[in-house]
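As a plain string of letters, each chain reads:
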Amino acid sequence: MGNQMIPVFDSSSSSSPSSTRPSSPATAHNTSNEGTTGSAFSSRLGITKSTSSEGTHSGTGSAFSSRLDEVSPNGQILPITPTLKIFSFAELKKATRNFRPDAVVGEGCFGTVFKGWIDEKTFAPTKAGRGMAIAVKKLNSDGFQGRKEWQSEVNILGSLSHPNIVRLLGNCEEDKELLVYEFMPRGSLENHLFSRGSAFQSLSWSIRLKIAIDAARGIAFLHCSLRKIIYRSVKPSDILLDSNYNAKISDFGLARNGPQGENSHVSTRVMGTIGYAAPEYVATGQLYVKSDVYGFGVVLLEMLSGLRAIDRNRPSGQQRLVEWATPYLSDRRKVLSRVMDQRLEGQYPSKGAVQAAQLILQCLRPDPRKRPSMTEVVEALEQIQAIKHMP
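Keep in mind that this is a model prediction, so the values were computed, not measured. (Residues numbered from 1 in each chain as written. Predicted model: local features only at pLDDT ≥ 70, side-chain atom pairs only at ≥ 80, totals over all residues. Heavy atoms only, no water.)

Student: Describe the overall build of the protein chain, naming the residues involved and giving the relevant values.
Tutor: Summing up its helical and strand segments, the protein chain has 12 helices and 12 strands in all. Considering only residue pairs separated by 6 or more positions, the protein chain has 69% of its internal contacts joining residues 24 or more positions apart. Of the roughly 17000 Å² of accessible surface on the protein chain, 50% is carried by carbon and sulfur atoms. (Helix = DSSP H or I, 4+ residues; strand = E, 2+ residues; numbered from the N terminus. Contact = heavy atoms within 4.5 Å. Areas by Shrake-Rupley, 256 points an atom, 1.4 Å probe, with all protein chains shown as cover.)

This is the structure:
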């Protein structure tokens, strides 16, 4: 399923300067100067720069007005304690119907997610289908690592407000393994890309681009914050969709603050999902802000091709998507004939597809210094989205 984690080794948690370090995104108060300039990067992709607009937020009515109503198009950092609702264990048990198996809406390496229902005004649990839907994550009980992931979710996600980041609404102090989120009715991008059957229709080109831009904006916001937050969980299963296919990144159990000052990276235990973790991180344990850019490049390639990053059922030589597709991405004819998802049935602008392939190549560069920043990725995707002419 592409969710196998890759703990490799432990190393020092401190970062150190490097004479060959890639530059990091600027803080939220400065213009990003990471890597190449936006105009130079766009010109490499054959893109003419135009004015871009911020994504809008289509909110869902909620009693958590102190949290849900504070989402601005540009995002913001919030104080944690006043904005998180404290639920009792009994409330969440009743909201999820005693954590019944048929209330499960998702499972991952770090826990199981249950759908629950609460009253919009009183926050009290209600019968299924009445009031407001919530997602309750019950983290796996594996000791120290599980507690670290719970703390990371509360400390990092609990302080973030952005239209493309899933909202942590509250937690349960009686049980440190329960977290409560807004419910995303269309589930994960993974299901829509790879599941077959009547429940999941193939995503159109325009919806795929919309999702990619939304996810990129969420990650760019993290990188441009004062803490230079590194997401470390860029994969389709952690990109969730609302009823209008607005995308939000989720699962911040592996997120951590990025390098500060003159430091280029943080050194940490290698954790992530096979196929998405950047090669420099896997090889050395050195985590750069632009390590996320590599993972996003893999996800964008999956969205173009409709193929999983790792699939042991594919023929030999095609099981690792990046290795198989990379030689084709610089060839216009092969992008259109070999890489593009057949389920799109050619309903996309060929120029846009080729430019997306070139963007993927930039994101997958082995040297993190040469990858674009996520801000540049957003700009490039917005320009690709503006291409409307079909072949």
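Student: Can you break down the environment of P279 residue by residue, with the values?
Tutor: Mapped onto the elements, P279 comes out in helix α7 (residues 279-284). C-alpha of P279 to C-alpha of Y294: the two residues are 15 residues apart in sequence and 8.6 Å apart in space. Residues contacting P279, with those up to four places away along its chain left out, are Y294 and R371.

Student: I'd like to hear about the packing of helix α10 (residues 332-339) against helix α11 (residues 350-363), residue by residue, with values.
Tutor: The interhelical angle for the contact between α10 and α11, taken along N-to-C directions, is 100°, at an axis separation of 10 Å. With respect to α11, the element α10 is oriented roughly perpendicular. Listed contacts from α11 to R332, V335 and L336 of α10 are S350, A353, V354 and A357. Here the residues of the contact of α10 with α11 sort into five nonpolar, one polar and one charged. (Axes fitted to C-alpha atoms, helices over the stretch in contact; angles between N-to-C directions. Parallel < 35°, antiparallel > 145°, perpendicular 65-115°, else oblique. Nonpolar A, V, L, I, M, F, W, Y, C, P; charged D, E, K, R; others polar.)

Student: Describe the pairing of strand β7 (residues 168-172), with residues and values.
Tutor: In terms of burial, β7 is a largely internal element, five of the five residues being buried. Inspection of the sheet shows strand β2 (residues 85-87) paired to β7 by three bridges, in the parallel sense. Looking across to β7, one finds that F87 is bridged to C172. Relative to strand β8 (residues 178-182), β7 runs antiparallel, the two sharing three bridges. Within β8, the residue paired with N171 across the bridge is L179. (Buried < 20%, exposed > 50% of the residue type's maximum accessible area, 1.4 Å probe, protein only. Pairing = 2+ DSSP bridges.)

Student: Before we move on, can you summarise the nonpolar core with the specific residues and values?
Tutor: One finds W205, L222, I249, F252, F296 and L381 to be the most contacted residues of the largest nonpolar core, which totals 91 residues. Here the element with the most residues in this core is helix α6 (residues 205-224); it accounts for 11 residues. Leaving out residues up to four positions away in the same chain, F252 has contacts with S152, E153, I156, L157, L160, I165, L222 and Y231. A95, F99, A103 and F114 belong to the second largest nonpolar core, which has 14 residues in total. (Core = buried A, V, L, I, M, F, W, Y, C linked by side-chain atoms within 4.5 Å.)

Student: Tell me about the environment of H162, and name the residues and values.
Tutor: As for its position among the elements, H162 is in the loop between β6 (160-161) and β7. What makes H162 buried here is its relative accessible area of 4%. In sequence terms H162 and F221 are 59 residues apart; their C-alpha atoms lie 7.9 Å from each other. Separated by 2.9 Å, the side chain of H162 and the backbone nitrogen of N164 make a polar contact. (Polar contact = N/O pair within 3.5 Å; in protein donor to acceptor, adjacent residues only side chain to side chain.)

Student: I'd like a description of the sheet that holds β2, backed by residues and values.
Tutor: As summarised here, the arrangement of the six strands in space is β2-β7-β8-β5-β4-β3, forming an open sheet in which the pairing is mixed. Across the chains shown, the open sheet's two edge strands, defined by having one partner strand only, are β2 and β3 (104-108). Neighbour to neighbour, the strand axes of the sheet diverge by 30° on average, direction disregarded.

Student: Lay out the pattern of salt bridges with the relevant residues and their values.
Tutor: Counted by the stated rule, this structure contains 14 salt bridges. When the shortest N-O distance is used, the salt bridge between R100 and D102 registers 2.7 Å. For D341, the salt bridge identified is with R208, shortest N-O distance 3.0 Å. Of this pair, D341 sits in the loop between α10 and α11 while R208 sits in helix α6, and the two are 133 residues apart along the sequence. As far as burial versus exposure is concerned, D341 and R208 are alike and both buried. (Salt bridge = Lys/Arg side-chain N within 4 Å of Asp/Glu carboxyl O.)

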